[in-house]
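Structure at a glance
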Amino acid sequence: MRTSSPEPERRPIARLLWAVVSLLISAAPNVGSAAQPEPEQDPIAEYRAMFGDDNPAVFWEMRGEALWTTPRGPKNRSLEDCDLGLGKGVVRGAYAQLPRYFADTGQVQDLESRLVTCVERLQGIDRATLLKVRFGNGEAHRSDMEALAAYVAAQSRGATLSVPLTHPQEKAAYALGEHIFYYRAGPHDFACATCHAADGKRIRLQKLPNLTRADDARAAYTTWPAYRISQGELRTMQWRLNDCFRQQRLPDLIYGSEVSIALTMFLAKKAEGGVIDAPGLKR
Amino acid sequence: MNAKTLITALVLFGMAPTQGSASELPEVLKRSFVAKGQAGLDRLEQDPTQKACSQAGAVTGAAAAEIIAANQASIRYPSDGQWLGDWRAGEAIAQRGTGKQFSDDPTEPSGGNCYACHQLAPDEIAYGTIGPSLKAYGKLRGRGEAVLRYTWGKIYNPQAYFPCSGMPRFGHQQILTEQQIRDVMALLFDPESPVNRDSSP
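Residues numbered from 1 in each chain as written. Chains lettered and ligands numbered in written order. Predicted model: local features only at pLDDT ≥ 70, side-chain atom pairs only at ≥ 80, totals over all residues. Heavy atoms only, no water.

The name given to chain B in an unreviewed UniProt entry is Sulfur oxidation c-type cytochrome SoxX, and the organism recorded there is Sinimarinibacterium thermocellulolyticum.

You'll find chain A entered in an unreviewed UniProt entry as SoxAX cytochrome complex subunit A, with Sinimarinibacterium thermocellulolyticum given as the organism. Under the Subunit (unreviewed entry) heading, UniProt states for chain A: "Heterodimer of SoxA and SoxX." Entered under Sequence similarities (unreviewed entry) in the UniProt record, the comment concerning chain A runs "Belongs to the SoxA family." (UniProt positions renumbered as here; feature names shortened; annotations may be inferred.)

1. Regarding the sheet that holds strand β6 (residues 233–235) of chain A
Residues and elements named next belong to chain A. Spatially, β6-β5-β8 is the arrangement adopted by the three strands of the open sheet, whose pairing is mixed. Strands with a single pairing partner mark the edges of an open sheet, and in this sheet they are β6 and β8 (280–282). Geometrically, the sheet is characterised by an average inter-axis angle of 35° between neighbouring strands, direction not taken into account. Pairing of strand β5 (residues 226–228) with β8, which is carried by three bridges, proceeds in the parallel orientation. Bridge assignment links arginine 228 to a residue of β8, and that residue is lysine 282. (Pairing = 2+ DSSP bridges. Helix = DSSP H or I, 4+ residues; strand = E, 2+ residues; numbered from the N terminus. Axes fitted to C-alpha atoms, helices over the stretch in contact; angles between N-to-C directions.)

2. Structural notes on the pattern of salt bridges
Oppositely charged side chains may form a pair once their charged atoms are brought near each other. All told, the structure shown has 22 salt bridges over all chains when counted by the stated rule. Its salt-bridge partner being arginine 121 of chain A, residue aspartate 104 of chain A comes within 4.0 Å of it at the nearest N-O pair. Note that aspartate 104 of chain A is positioned in the loop between β1 (100–102) and β2 (107–109) and arginine 121 of chain A in helix α4 (residues 111–123), a separation of 17 residues in sequence. On the basis of relative accessibility, which here comes to 43%, the residue aspartate 104 of chain A falls in the partly exposed class. According to the relative accessible area criterion, arginine 121 of chain A is partly exposed, its value standing at 43%. Of the charged contacts in the structure, one is a salt bridge between aspartate 80 of chain B and arginine 182 of chain B, with a shortest N-O distance of 2.9 Å. One end of the pair, aspartate 80 of chain B, is in the loop between α4 (61–72) and α5 (87–95); the other, arginine 182 of chain B, is in helix α8 (residues 178–189), with 102 residues separating them in the sequence. Residue aspartate 80 of chain B is classed as partly exposed on the basis of its relative accessible area, which comes to 46%. Classification of arginine 182 of chain B by relative accessible area gives buried; the value is 6%. Connected through shared salt-bridge partners, Arg63, Arg72 and Asp144 of chain A make up one network. (Salt bridge = Lys/Arg side-chain N within 4 Å of Asp/Glu carboxyl O. Buried < 20%, exposed > 50% of the residue type's maximum accessible area, 1.4 Å probe, protein only.)

The following block contains the structure:
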């Protein structure tokens, strides 16, 4: 939960968004039986439609662009020479081809872990400092990672998701991701598959995507990163996976860990062919 | 790695060892998580049932029979012979979704979060559909010893009836206490419970 107020320029939109959606959600269980809404009704989808193309994520995109282009850190350099997989300095379309193997690190990297590499190597800002705020919490604790991810993802809007699966390490990451998806553990015996491998299910009123199907996987994956209305924050796939594992009753997923990247690889391949529409707007 | 371990890994993960990832999985998991709150790294380790159920397809035949037998043996029936507690307490348990997460206070009792997956009281429309509807559960089934015993066992350890069920083993994994299970039982069986009554006018 947030503990401080959001930055002034986004406060009115964030508040309005949350107020209207809260109203829609809270009204649902309390209405009389005569006017009971269909459980399938999706207040977020309705609200998203009302807002058209407006999304508070734009404030993260703008801050991310500034972080990308402004010389910073001990080396006083911008991130404009960062190679996101399509060559030095190419941002457009790069997110649609991640995760992938990078020869300069010898690892498969997703968007966030690659951004960490670029910030470390180009700007000389150390990982611990950068990741002190992995997940932002209001104006006083903004996450540079979330802003950068929003900016880079937005530069792939409209691009078709096409993730390479040729390097042995890319194949290994996919295989590992698939194992993790079905790996049951913890006091509740949950795996990702417990909630995300069947069609047409809901948890409470929330629709659950079947992430083993292309259509559901595309709709879910291509809209991350996303502005989370309930949190008034922009969140990335690293956050999404961390919070899923929290609810699975497992320990804290390390940011940029092998498991997080492998699972992202598996999900990205399931969503292959989808059109990036990020940052999205989610509950 | 010896041959037996390798074969076990192959069977469990159903893949060729060329990626090397199957046998490395426990180490990869330990490197990828840190202990937080009440969730230690030990939670990444699997018991035999979790291992057998970590695959895409259904588990059948001897493997399924083995899961049923092992989990049947784990069920502890109420020590005082009392099956039913307080349905109001049961409803609160069914509504509560917290417990055992690293973000939860371990001194607070866990919820059962039944509504996440099941329809129960007809007035609660915010129910999930991962599990079957339990509306009118007791009204439809009566309160005979056999159905009470089966339902207790199903809450305590669903793997004893449906191998690789997605439902948590609430008793076996000590998510709910014996008294909490009694209360959830009352929610299902008590004639006064909203589960067994029509929707309010």
